[in-house]
Every structure is written in C-alpha cells, then in structure tokens.
Amino acid sequence: MVKKPGELFEGFLRRQGLNVTQTRRAVVEAVFSLPSHFDAVDLWTALRDQRVSTATVYRTLDLLERAGLVRRVSFGEAQTRYEHVLGREDHGHLVCRACGRVIEFADLRLQGLVSEVADRHGFDLAEVVVQGHGLCSACRKGAGREPRHAPQKL
Ligand SMILES: [Zn+2]
Ligand SMILES: [Zn+2]
C-alpha cells in the first residue's frame, strides 16, 4: 500500500522523538496541495486560515526535507524554492531567465552518466540535480509571459 505524505511524516516525527501536532499535520497537507514547485510564501499563503507562524512554516519545511518528502531547488532566484520528492521521479529542470518558466524533463541517461562518473571516483552519490538556464521558446520569440512560478510540463 502506498503511504500518504502525512503518514510518512508522522512516522518520521515519531522516529525522531518529535510530537505529531495539528500544525505539523496542516503544513504537510498544505505542502502536498501545492504545485510541485513552491516557496515558503506560497505555503504560508495556503495556510493563511490556520494561523501558523512563519517560523513554524520554515521549521516544518526543514523537517519535511530531512524526512525526504521535499527538497530544496534553486532556480537562480533569491528565495529558496522547494519541490515534492514523494511520488515524483528524478527529473531535471530547464529554467527560463526571462520569465521564470520551469520545464521539467526526465531522462535517465543523464542520471546514469553522473552515476558512472561517481563510481569511477569511488563517490557515494546521494542525489543528481540536472538544471539548465537560458531562454524559453516564447521569450526567444519576444513573447514571454509575465514572471510566474508554476512549473510547466512538456
Ligand atoms: Zn521565458
Ligand atoms: Zn521539478
């Protein structure tokens, strides 16, 4: 049976000797109701009715990261972005410098290549992040849309 993010997070909290609180439950639920890529402001906005402090939001994001349910991604902007790990396959990003559009792609050859190099160096590889920065096709044509951060699937 596939476990839900909430159940996995509760298991993690218990193993760490941390309390499973109503707030932590609400944060996980909000995280997985957001699109795959989000930042703390998106999360805080989604939790607006719950009266959760910004500090709690950041602390819970750290815990979710340690639990392996989300990871930090950087698209070259000041704010840290997160993305869901659970239920997603390994993928790379193409980030448009002009409009911020993020195109996701999955190509296992890239992961395979990096693993091979790691093996050669006796390196214990935990994660492979493949990311390209440049201009999306719309921006190249001068028709880029307003900056936004919803991911765009191919
Ligand atoms: Zn663009
Ligand atoms: Zn992604």
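Residues numbered from 1 in each chain as written. Chains lettered and ligands numbered in written order. Predicted model: local features only at pLDDT ≥ 70, side-chain atom pairs only at ≥ 80, totals over all residues.

K.L.:
Help me understand the overall build of the chain, please; the structure alone is not making it clear to me.
P.N.:
If you tally the helices and strands in the chain, you get six helices and seven strands. In terms of principal-axis extent, the alpha carbons of the chain reach across some 50 × 45 × 30 Å. For the chain, buried positions account for 14% of its 154 residues. Of all intrachain contacts in the chain linking residues separated by at least 6 positions in sequence, the fraction that spans at least 24 positions is 50%. (Helix = DSSP H or I, 4+ residues; strand = E, 2+ residues; numbered from the N terminus. Buried ≥ 20, exposed ≤ 12 C-beta atoms within 10 Å, placed from the backbone. Contact = placed C-beta atoms within 7 Å.)

K.L.:
In this structure, what is going on with the packing of helix 1 (residues 5-15) against helix 2 (residues 22-31)? I would like to understand it.
P.N.:
The packing of two helices is summarised by the inter-axis angle and the distance between the axes. In the contact formed by helix 1 and helix 2, the axes pass within 9 Å of each other and the chain directions differ by 140°. Considered as vectors, helix 1 and helix 2 are oriented oblique to each other. The two elements helix 1 and helix 2 cross, and the hand of that crossing is right-handed. Between helix 1, through Pro5, Gly6, Phe9 and Leu13, and helix 2, the contact on the second element is made entirely by Arg24, Arg25, Val28 and Glu29. Class assignment for the residues of the contact of helix 1 with helix 2 results in four nonpolar, one polar and three charged. (Axes fitted to C-alpha atoms, helices over the stretch in contact; angles between N-to-C directions. Parallel < 35°, antiparallel > 145°, perpendicular 65-115°, else oblique. Left-handed = near helix turned anticlockwise from the far one by under 90°. Nonpolar A, V, L, I, M, F, W, Y, C, P; charged D, E, K, R; others polar.)

K.L.:
What exactly am I supposed to notice about the pairing of strand 4 (residues 92-96) here?
P.N.:
As a general feature of sheets, a regular strand has side chains that alternate between the two faces. Two strands pair when backbone bridges link them, and strand 4 and strand 5 (residues 102-105) are joined in this way by four bridges, in the antiparallel orientation. If you follow His93 over to strand 5, its bridge partner there is Glu104. Bridging between strand 4 and strand 6 (residues 131-134) involves four bridges; their strand directions are parallel. Pairing of Cys96 across the sheet is with Gly134, part of strand 6. (Pairing = 2+ DSSP bridges.)

K.L.:
Please clarify how unusual backbone geometry should be interpreted in this entry.
P.N.:
Glycine aside, negative phi is the norm for most residues, and most peptide bonds take the trans geometry. The backbone phi angle of Arg51 is positive, close to 55°, even though this residue is not glycine. Relative to the elements of secondary structure, Arg51 occurs in the loop between helix 3 (40-46) and helix 4 (54-66). Classification of Arg51 as exposed rests on a count of 9 C-beta atoms within 10 Å.

K.L.:
Explain the sheet that holds strand 2 (residues 70-73) to me, please; I cannot follow it from the model alone.
P.N.:
Strands pair in a sheet through their backbones, by hydrogen bonds, and they do so in one of two ways: parallel or antiparallel. With respect to topology, three strands assemble into an open sheet ordered 1-3-2, the strand pairing being antiparallel. Strands at the two margins of the open sheet, each flanked by one partner only, are strand 1 (37-39) and strand 2. Here the average twist between neighbouring strands, direction ignored, is 40°. Where strand 2 and strand 3 (residues 81-84) come together, four bridges link them in antiparallel fashion. Across the sheet, the residue bridging to Arg72 is Tyr82, located in strand 3. Relative to the sheet, helix 4 contacts strand 2 and strand 3, its axis offset from that of strand 2 by approximately 110°.

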